[in-house]
Amino acid sequence: MADPAYLVDGVLTEGDPYVCLASQTMTDDTVSDFTWNSGTGDKDWSQYQAFFIVWQARTLRSGVEYDNCYFRVDGNASSNYGQNFYTATSSANPYNYAFAGLDGGYFNTAEDAVATNFSCGVFHLFAPASGKWKTGVYQNTGFSTDISASYSSWGNSTYNGNSDAMSSLKVLTPNSTFKTGSRFDLFGILPKMALTGIL
């Protein structure tokens, strides 16, 4: 196997273990999904041991206080399963079911009266380049100006459609479009130590 892009002549050249691979900010209200793809050099996903997605977003869905956040491995909408805990007020209820993608939590919607109030979340995806099932954990919150509709949620997801290395990741909201200013950042996490020619 060839040395990864961050290893040159046995020297680790990337000093930051978190490398920003992509960033997407909505410049209008028409986008419901977008896709990140593996590339070359430091954008080659095969050299990372995990992904970390950070987002702050809101959708234009009406009539409902929340919207879904999904991540699809290689665009696949099936074979995604998980469990999450959704808390609205003081109770936590578990949900365990099939998803339309890896579950990443929930977005604030147009039902919130304050247009600048965006929900936020993080999603940690493990072993994207391995032959393992793609599993992840998330945590997010959406404070609503209608206190009774505020929420926090956390959970896990698994994509078991195949065991191939990931080449793309689609980010989407299935019920509406993202509001202008919504942002998603994808970080790759490098291995803590790289060994070559030793084992």
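All figures in this text were calculated on a predicted structure; none of them were measured in a lab.

Q: Help me understand the sheet that holds strand S9 (residues 102-108), please; the structure alone is not making it clear to me.
A: Sheet strands associate in pairs through backbone hydrogen bonding, adopting either a parallel or an antiparallel arrangement. One open sheet accounts for four strands, arranged S4-S13-S6-S9; its pairing is antiparallel. The sheet is open, and its two edges are formed by strand S4 (33-37) and S9, each paired on a single side. On average, adjacent strands in this sheet sit at an angle of 20° to one another, irrespective of strand direction. In terms of strand pairing, strand S6 (residues 66-73) meets strand S13 (residues 168-172) through four bridges, oriented antiparallel. Across the sheet, the residue bridging to Phe71 is Val171, located in S13.

Q: How do you make sense of the nonpolar core when you look at a structure like this?
A: Soluble globular proteins tend to bury their nonpolar side chains together. Among the nonpolar cores identified, the biggest contains 30 residues, and Trp36, Phe71 and Phe184 are the most heavily contacted of them. The biggest single contributor to this core is strand S5 (residues 50-57), with four residues. With residues up to four places along the chain from it excluded, the contact list for Trp36 reads Ala22, Ser23, Gln24, Trp45, Ile53, Ser167, Ser168, Leu169, Val171, Phe184, Asp185 and Leu186.

Calculation criteria
- Residues numbered from 1 in each chain as written.
- Predicted model: local features only at pLDDT ≥ 70, side-chain atom pairs only at ≥ 80, totals over all residues.
- Heavy atoms only, no water.
- Pairing = 2+ DSSP bridges.
- Helix = DSSP H or I, 4+ residues; strand = E, 2+ residues; numbered from the N terminus.
- Axes fitted to C-alpha atoms, helices over the stretch in contact; angles between N-to-C directions.
- Core = buried A, V, L, I, M, F, W, Y, C linked by side-chain atoms within 4.5 Å.
- Buried < 20%, exposed > 50% of the residue type's maximum accessible area, 1.4 Å probe, protein only.
- Contact = heavy atoms within 4.5 Å.

Just distances and angles here, no functional claims.
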